[in-house]
Amino acid sequence: MNRAARSVLLVFGVVATGAIALGIISRPAPIEVTLGAREQLPRPSAADLKGLPVGMSGCLASACHGSPANKTLAGKLDADTWQSSGSTWSAADPHSAAYSLLTDSPHRPVKVTAAHIMARYAPGTSATSDARCVACHTNPSLATSERMTDARATHLRTEGVSCEACHGNAGGWVGDHTTWKGPRAGVYAKTGMNPLYDLGERALACAGCHVGAPAENGLPVRDMNHDMIAAGHPRLNFDFAEYQRRLPAHWLEKDRTTNTPRAHSPAKVWLVGRVAHAEAACKMLVDRAERSKDDARTPWPEFAEFNCAACHHNLRAATDPSLEARWRKDPKLTGHTLGSPGWQPIWPMTVAAGIDQPTPDTATLKYVTNAMSVARPKRGEIVALAKQGSGTMAELRGRLTNAVRVEDVYPLNRLFQSPLPRVPEWDSAAQLFYGYAAMERARPGPSDLVPEFRRALGALRTDDWPNVKWAEVEGAFEAIRRKRP
Ligand code: HEC
Ligand code: HEC
Ligand code: HEC
Ligand code: HEC
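Keep in mind that this is a model prediction, so the values were computed, not measured.

Calculation rules
Residues numbered from 1 in each chain as written. Chains lettered and ligands numbered in written order. Predicted model: local features only at pLDDT ≥ 70, side-chain atom pairs only at ≥ 80, totals over all residues. Helix = DSSP H or I, 4+ residues; strand = E, 2+ residues; numbered from the N terminus. Buried ≥ 20, exposed ≤ 12 C-beta atoms within 10 Å, placed from the backbone. Contact = placed C-beta atoms within 7 Å. Arc of directions from axis to C-beta. Near = placed C-beta within 6 Å. Nonpolar A, V, L, I, M, F, W, Y, C, P; charged D, E, K, R; others polar. Axes fitted to C-alpha atoms, helices over the stretch in contact; angles between N-to-C directions. Parallel < 35°, antiparallel > 145°, perpendicular 65-115°, else oblique. Left-handed = near helix turned anticlockwise from the far one by under 90°. Expected span 1.5 Å × (residues − 1). Core = buried A, V, L, I, M, F, W, Y, C linked by C-beta atoms within 7 Å.

**Structural notes on the overall build of the protein**
Scanning the protein from N- to C-terminus turns up 20 helices and two strands. Residue burial in the protein is summarised as follows: out of 485 residues, 41% are buried. Of all intrachain contacts in the protein linking residues separated by at least 6 positions in sequence, the fraction that spans at least 24 positions is 68%.

What follows is the structure in structure tokens.
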């Protein structure tokens with residue numbers, strides 16, 4: 001079935017279930033919607049639901065967010081987009097089927113099945129009943145220890161990463177929000193709807209599952225550790241700007257403090273995403289250090305904190321003996337001492353091996369990196385430094401998000417000039433690539449760098465990152481820099 005046919009079918013299904021669930025008969029959607037028949041629902045009362053998820057049937061009625069998605073799916077976003085936000089998600093957003101990846105019938109071809117991972121990670125346990133998996137593949141609030149066995153929660157989990165996983169549990173506001181007047185920003189904090197209009201908050205919400213997050217605010221821990229990766233789970237390769245581009249947008253970008261449409265510069269989206277990523281990684285590091293003290297299942301140090309290439313690399317003599325053969329032994333290149341793997345690069349917020357740090361904002365992360373670059377990182381020291389690191393990142397994220405021109409806060413234009421990764425290290429190179437791509441998208445007019453970007457991406461896109469074609473990557477980066485000095 002093609003995508004259009006699938007979306008039509010899904011829209012139909014969604015409209016039907018939504019209409020049945022809410023007792024609403026399909027009618028042309030007015031601009032302001034009230035859910036008149038809500039009281040008749042066989043659901044817990046509004047007071048009981050406060051802070052809890054309502055489930056997507058509460059959002060997807062045709063008169064609410066479930067009208068046909070054809071226009072939104074074709075990328076035509078306007079003042080009416082909100083009416084098809086939900087059907088767009090159902091039809092085309094990978095999150096709508098995220099739960100299926102934990103079952104025997106994944107919605108897309110996978111390299112590794114959940115059964116394969118579980119046989120190595122927790123033999124005898126199914127992924128759908130293991131909160132450590134469920135936490136990221138559904139609304140995390142449905143994976144707390146109290147809710148894992150609850151019948152209603154078990155049913156809602158099959159909806160995958162649905163509306164409330166990003167927008168916040170709607171129990172406290174699903175009825176009222178249709179009558180809110182004027183700009184929305186003011187009501188978010190009072191109601192518990194997530195302020196996703198704030199680019200930094202949005203990036204953090206994504207990072208909760210795509211980087212990881214400690215247990216807080218009623219949500220369980222979301223931890224992609226080395227044991228899961230070694231059992232076969234793909235490592236999480238997150239770049240906020242790139243991942244957001246890959247989702248079918250179901251919204252018109254607005255400043256919800258004034259209710260006016262706006263567009264973010266791609267360079268700003270990228271940079272805010274990098275800062276939020278570093279902030280999330282610092283919080284995860286603090287959590288892992290603290291949890292490992294009294295939880296035997298949490299190792300210290302956690303291998304997933306380090307640069308994968310430090311341990312996983314080719315032992316053969318490399319094609320470029322002058323560099324590849326020696327870089328892991330050269331502290332000047334790796335930035336850490338022999339025998340220690342070195343912290344993960346989150347360029348340009350951390351020192352990436354060989355790439356300079358462009359600003360003093362990142363100094364606090366340099367301390368984290370240094371403290372992690374010893375054979376046995378000290379827990380107490382790491383907790384203190386990483387807390388400071390996440391604080392600095394939170395502050396920088398706020399400044400960048402609110403800046404009219406990010407260049408006033410951060411020397412973005414220096415990114416094209418920053419030295420190339422002097423070491424053949426995949427993560428830093430991939431991060432530099434996304435930075436270049438964001439800068440290029442932020443330029444007006446068509447790009448003349450398409451062939452150079454294609455070449456770089458082709459060389460970076462590999463399942464065998466210890467064996468990337470470095471000459472190709474460097475050649476392509478050099479060509480990009482020559483054209484955009
Ligand atoms: C920290 C969040 C997180 C946790 C914890 C997590 N996953 Fe995932 N999982 C993801 C994301 C994100 C993807 C998609 C990866 C991507 O494309 O970036 C994914 C992808 C997958 C896939 C698809 C693999 C493929 O080959 O494409 C399977 C299967 C899967 N997860 C199963 C599990 C199981 C089983 C567990 C528990 C042991 C688990 N996940 C825990 C976030 C998580
Ligand atoms: C992966 C995260 C994610 C999921 C899942 C998600 N959304 Fe959204 N949604 C967003 C983001 C980000 C925005 C933009 C926020 C803003 O503009 O305030 C948004 C905006 C919206 C808007 C505002 C549209 C507009 O043009 O004003 C509506 C309505 C909406 N979402 C409904 C839904 C519904 C209904 C679902 C589930 C069927 C859903 N969303 C699932 C992330 C998500
Ligand atoms: C509650 C957890 C959760 C949240 C929050 C979340 N995601 Fe995801 N995301 C997942 C899981 C699990 C998958 C795997 C689904 C799949 O690959 O089929 C995924 C898949 C994706 C994919 C497809 C990946 C690929 O390889 O193509 C993109 C893109 C993505 N997410 C972007 C985002 C963005 C942007 C946000 C924030 C607006 C976000 N996600 C928030 C859990 C989450
Ligand atoms: C400190 C060294 C170290 C670091 C850093 C490290 N690993 Fe590992 N990795 C190991 C060891 C040792 C094993 C074998 C034992 C095991 O399976 O846990 C392994 C096993 C694996 C396996 C399973 C290989 C197989 O054939 O079964 C994968 C996949 C993997 N690691 C990926 C990664 C990724 C991705 C990263 C970065 C996020 C990473 N590792 C970081 C040491 C490391």
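**Considering the environment of D448**
As for its position among the elements, D448 is in the loop between α18 (426-442) and α19 (450-460). Residues D448 and K483, spaced 35 residues apart in sequence, show a C-alpha to C-alpha distance of 8.9 Å.

**Details of helix α16 (residues 363-372)**
T364, L365, V368, T369 and M372 are the residues of α16 that are buried. Buried residues of α16, seen end-on, are gathered within an arc of 145° and therefore sit on one face of the element. Along its buried surface, α16 packs onto α13 (266-294) and α17 (379-402).

**Remarks on the site of ligand 2**
G86, C163, C166, Y197 and W251 are the nearest of the 25 residues found near ligand 2. Put simply, the parts of the chain that give the shell around ligand 2 at least two residues each are α4 (85-92) and α8 (163-167). Of the residues forming the shell around ligand 2, the biggest block, four residues, is contributed by α8. Partitioning the shell around ligand 2 into residue classes produces 13 nonpolar, eight polar and four charged.

**Quick word on the packing of helix α10 (residues 199-210) against α13**
Their axes nearest at 9 Å, the elements α10 and α13 cross at an angle of 50°. If you check the angle between α10 and α13, you find them oblique. Of the two elements, α10 crosses α13, and the hand of that crossing is right-handed. When α10 is examined against α13, the residues L199, G200, A203, L204 and A207 are found in contact with a partner set consisting of V269, V272, G273, A276, H277, E279 and A280. Looking at side-chain class alone, the contact of α10 with α13 contains eight nonpolar, three polar and one charged residues.

**Overview of helix α20 (residues 470-483)**
Look at α20: 20 Å from first C-alpha to last across 14 residues, which is about the 20 Å you get at 1.5 Å a residue. Those residues of α20 that sit buried are W470, V473, A476, F477 and I480. The arc that holds every buried residue of α20, seen down its axis, measures 135°, which confines them to one face. Exposed and oriented more than 90 degrees from the buried face of α20 are A471, E478, R482 and K483.

**As for the site of ligand 4**
Neighbouring residues of ligand 4: H226, I229, A230, R235, F303, A304, F306, C308, A310, C311, H312 and P341. Of all the elements in the fold, those that place two or more residues in the shell around ligand 4 are α11 (226-230) and α14 (308-311). By residue class, the composition of the shell around ligand 4 is nine nonpolar, two polar and one charged.

**Some points on the nonpolar core**
L271 and V275 are the most contacted members of the largest nonpolar core, which totals 83 residues. Of all the elements, α13 adds the most residues to this core, at 15 residues. Excluding its chain neighbours within four sequence positions, the residues that come into contact with V275 are M349, M393, L396, R397 and L400. Among the nonpolar cores identified, the runner-up in size contains seven residues, and C59, A61, C64 and C163 belong to it.

**What about unusual backbone geometry?**
The step from W300 to P301 runs through a cis peptide bond, and the omega angle for that step is -10°. Locating P301 in the fold gives a position in the loop between α13 and α14. Phi angles above zero are rare outside glycine, and N217 is one such case at about 50°. Phi is positive for N259, close to 65°, though the residue is something other than glycine. For N259, the location among the structural elements is in the loop between β1 (254-255) and β2 (260-261).

**Quick notes on the environment of V351**
The residue V351 is located in the loop between α15 (331-334) and α16 in this model. Residue classification places V351 among the buried positions, given that 24 C-beta atoms sit within 10 Å. Each C-alpha atom of the pair V351 and T362 lies 8.4 Å from the other, and the pair is 11 residues apart in sequence.

**Examining the packing of α13 against α17**
Here α13 crosses α17 at 155°, and the two axes come no closer than 8 Å. Viewed along their axes, α13 and α17 adopt a mutual orientation that is roughly antiparallel. At the point where α13 passes α17, the crossing takes the left-handed sense. Per-class residue counts for the contact of α13 with α17 are 16 nonpolar, three polar and eight charged.

**A look at the environment of L196**
Mapped onto the fold, L196 is located in the loop between α9 (185-191) and α10. For L196 and G168, which are 28 residues apart along the polypeptide, the C-alpha to C-alpha distance reads 9.7 Å. Ignoring any residue separated from it by four or fewer positions in sequence, one finds L196 in contact with C166, H167, E201, R202 and A205.

All quantities given are derived from atomic positions and should not be read as evidence of function.
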